[in-house]
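# An overview of the molecular structure
One-letter residues, chain by chain:
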Amino acid sequence: MEQSQAVITLEGVRKCYGSFVALNDVSLSVGTGETVCIIGPSGSGKSTLLRCCNLLEVPDAGALHVGGARYFPLAPGGRARAASLRGLRTRTAMVFQSFELFPHLSAIDNVALAPIQVRGVTRAAANETARALLERVGLRNFTEARPATLSGGQAQRVSIARALAMEPEVLLFDEPTSALDPEMVGEVLEIMRELARSGATMLVVTHEMRFAREVATRVVVMDHGEIVETGTPTEIFEHPQQERTQRFLQALSRSGYAL
């Protein structure tokens with residue numbers, strides 16, 4: 001994929017924690033309207049890669065482009081650096097596995113806060129958009145609910161609405177169902193399916209293999225901080241080429257995962 005066609009591009013990204021190499025020369029591009037699912041064993045670097053996409057983790061080397069603009073390496077100087085980060089985080093939006101909602105704010109206030117504070121949207125306009133987004137994720141009657149009164153699935157749907165409120169160019173999902181009870185997983189995955197059908201650009205770290213098989217335009221397999229294999233869901237799940245991919249899928253199958 002040409003960089004000019006890509007919403008987000010990572011080139012040769014390396015990230016270390018002391019002597020531990022979390023990411024080793026990782027390159028990846030995601031195009032407009034793609035749903036790219038990242039899979040792999042625990043500790044393979046999936047979440048670190050995702051967090052490098054909005055510089056919650058700052059790489060030690062490599063480059064990050066979003067929408068054709070370079071955001072890493074960061075421009076020198078405190079003011080330029082801060083402006084660069086603000087620009088990046090208006091173009092990307094993260095949905096965390098642990099929701100990260102403000103507990104003292106209602107659902108509508110959680111969704112409206114960033115557009116008001118970051119984009120300068122009026123409170124009235126932000127609230128109108130927040131209501132529409134909460135209705136979109138099936139929470140029309142929960143606008144005034146605090147996070148503590150919501151189920152895990154409901155809280156994650158508020159998180160998705162909050163991400164959408166910033167009108168990002170790419171949505172980043174970090175194992176969005178891993179903290180949910182099994183009966184709540186389906187409601188969150190259905191919202192993500194709807195987003196994919198609507199043409200949203202998404203980069204998703206997931207252990208939901210059936211979701212990846214059904215929804216992804218591409219599947220990326222990671223192991224030991226590297227991209228092992230990339231392909232369509234059919235190529236990865238039915239005809240994996242790399243031994244490490246084959247071992248990973250066989251281990252999942254033995255553990256009872258539906259592939």
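Looking up the protein in an unreviewed UniProt entry gives the name Amino acid ABC transporter ATP-binding protein, with the organism given as Dactylosporangium fulvum. The record held by UniProt for the protein lists under Subcellular location (unreviewed entry) the comment "Cell membrane".

Helix and strand counts for the protein come out as 9 helices and 10 strands. Its C-alpha atoms give the protein a radius of gyration of 18 Å, within 12% of the compact-globule value 18 Å for 259 residues. Its C-alpha atoms give the protein principal-axis dimensions of roughly 55 × 50 × 35 Å. The 259 residues of the protein split such that 52% are buried. Counted over contacts in the protein with a minimum sequence separation of 6, partners at least 24 positions apart contribute 65%.

The next subject is the sheet that holds strand E3 (residues 35-39). Spatially, the 6 strands line up as an open sheet ordered E6-E7-E8-E3-E9-E10, and their pairing is mixed. Of all the strands in the sheet, just strand E6 (92-95) and strand E10 (226-231) have a single pairing partner and so form its edges. Neighbour-to-neighbour, the strand axes of the sheet open up by a mean angle of 20°, direction not taken into account. For E3 and strand E9 (residues 218-223), the ladder comprises 4 bridges, and the chain directions are parallel.

Okay, the side chain of Thr-92 next. Along the chain, Thr-92 turns up in strand E6. Filtering out sequence-adjacent residues up to four positions away, Thr-92 remains in contact with Cys-53, Asn-54, Val-66, Pro-168, Val-170 and Leu-172.

Let us look at the nonpolar core. Ile-160, Leu-171, Phe-173 and Leu-195 are the most contacted members of the largest nonpolar core, which has 52 residues in total. Broken down by element, the residue count for this core peaks at 8 residues, all from helix H6 (residues 182-197). Setting aside residues up to four positions removed in sequence, Ile-160 forms contacts with Val-95, Val-137, Phe-173, Val-188, Ile-191, Met-192 and Leu-195. Judged by nonpolar contacts, the second largest core, of 29 residues, contains Leu-23, Val-36, Leu-74 and Val-220.

This part covers the pattern of salt bridges. A full pass over the atoms with the stated rule returns 12 salt bridges. Where Arg-244 meets Glu-226, a salt bridge forms, and the shortest distance between an N and an O atom there is 3.9 Å. Taken together, the residues span a long stretch of sequence, with Arg-244 in helix H9 (residues 243-254) and Glu-226 in strand E10 at a distance of 18 residues. What makes Arg-244 partly exposed here is its relative accessible area of 30%. On the accessibility criterion, Glu-226 (27% relative accessible area) is partly exposed. For Arg-247, the salt bridge identified is with Glu-243, shortest N-O distance 3.3 Å. Placement of the pair is Arg-247 and Glu-243 together in helix H9, with a separation of 4 residues, close to one helical turn. Because the salt bridges share partners, they merge into one network encompassing Glu-190, Arg-193, Arg-197 and Glu-214.

Rules of the game
- Residues numbered from 1 in each chain as written.
- Predicted model: local features only at pLDDT ≥ 70, side-chain atom pairs only at ≥ 80, totals over all residues.
- Heavy atoms only, no water.
- UniProt positions renumbered as here; feature names shortened; annotations may be inferred.
- Helix = DSSP H or I, 4+ residues; strand = E, 2+ residues; numbered from the N terminus.
- Rg over C-alpha atoms; globule rule 2.2 N^0.38 Å.
- Buried < 20%, exposed > 50% of the residue type's maximum accessible area, 1.4 Å probe, protein only.
- Contact = heavy atoms within 4.5 Å.
- Pairing = 2+ DSSP bridges.
- Axes fitted to C-alpha atoms, helices over the stretch in contact; angles between N-to-C directions.
- Core = buried A, V, L, I, M, F, W, Y, C linked by side-chain atoms within 4.5 Å.
- Salt bridge = Lys/Arg side-chain N within 4 Å of Asp/Glu carboxyl O.

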